[in-house]
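Overview (structure and organization)
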Amino acid sequence: MRISIDRDSSAPIYKQIEGKIRNKILNNEIAYGTRLPSERYLASVLDVHRNTVIKAYKCLVDQELVSCTLPGRKGYFAVSYTHLRAHETD
């Protein structure tokens, strides 16, 4: 997954990260079940504090686009609300 941030933007960096990942999930550029980069790795690549990435991932979890509670798996994974709802009825 490749994303970039604009340090000159008035948008907070965590919102830029959240928005870019959200768009990739909604445009199916990141498939269901794909593990997102770890907090530390993404923070290192983007040269931001880990808490910035944690805040972005929390926003995505709150939007039900990312989950960190998939059974038997650790990390953050791309999901979608509609996909989760379809499997609740199984």
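Residues numbered from 1 in each chain as written. Predicted model: local features only at pLDDT ≥ 70, side-chain atom pairs only at ≥ 80, totals over all residues. Heavy atoms only, no water.

1. Here we look at the packing of helix α2 (residues 39–46) against helix α3 (residues 50–62)
As a reminder of what qualifies: Fitting a line to C-alpha atoms yields each axis, with helices limited to the stretch in contact; the angle taken between N-to-C directions then spans 0 to 180 degrees. Labels follow the DSSP assignment, with helices taken as runs of H or I lasting at least four residues and strands as runs of E lasting at least two, numbered in each case from the N terminus. By convention, the crossing between two helices is left-handed when the near helix turns anticlockwise from the far helix through less than a right angle, and right-handed when the turn is clockwise. Contacts are assigned to residue pairs with any non-hydrogen atoms lying within 4.5 Å of each other. In this count, Pro and Cys sit with the nonpolar residues alongside Ala, Val, Leu, Ile, Met, Phe, Trp and Tyr, while Asp, Glu, Lys and Arg are called charged and the others, Gly among them, polar.
Here α2 crosses α3 at 120 degrees, and the two axes come no closer than 8 Å. Classified by chirality, the crossing of α3 by α2 is right-handed. When α2 is examined against α3, the residues Glu39, Arg40, Leu42 and Ala43 are found in contact with a partner set consisting of Arg50, Val53, Ile54 and Tyr57. Tallied by class, residues from the contact of α2 with α3 come to 5 nonpolar, no polar and 3 charged.

2. What about helix α1 (residues 13–26)?
Given 3.6 residues per helical turn, the α-helix brings residues three or four places apart onto the same face. The cut-off we apply is this: Working rule for helices: expected span equals 1.5 Å times residues minus one. Buried means the residue's accessible area, taken with a 1.4 Å probe over protein chains only, is under 20% of the maximum for its type, while exposed means over 50%, and partly exposed covers the values in between.
The terminal C-alpha atoms of α1, which comprises 14 residues, lie 20 Å apart, in line with the 20 Å expected from a rise of 1.5 Å per residue. Along α1, the positions that sit buried rather than exposed are Gln16, Ile17, Glu18, Gly19, Ile21, Lys24 and Ile25. Among the structural elements, α2, α3, β1 (66–67) and β2 (77–78) are those in contact with the buried residues of α1. Two residues or fewer past α1, Asn28 is found with a positive phi of approximately 60 degrees.

3. Topic: the packing of aromatic side chains
Inclusion rule: Between the rings of Phe, Tyr and Trp (Trp by its six-membered ring), a pair exists once the centres lie within 6.5 Å; its type follows the angle of the planes, with under 30 degrees stacked, over 60 edge-to-face, and the other angles tilted. A ring is scored as having a charge over it whenever the NZ atom of a lysine or the CZ atom of an arginine sits within 6 Å of its centre and within 35 degrees of its normal.
Counted under the stated rule, the structure contains 1 aromatic pair. The interplanar angle of 50 degrees and the centroid separation of 4.5 Å between the aromatic rings of Tyr57 and Tyr76 together place this pair among those described as tilted. Remark: Tyr76 occurs in the loop between β1 and β2 and Tyr57 occurs in helix α3; sequence separation between them is 19 residues. The same class applies to Tyr57 and to Tyr76, which are both buried. The ring of Tyr14 is capped by Lys55, whose NZ or CZ atom sits 4.3 Å from the centre of that ring.

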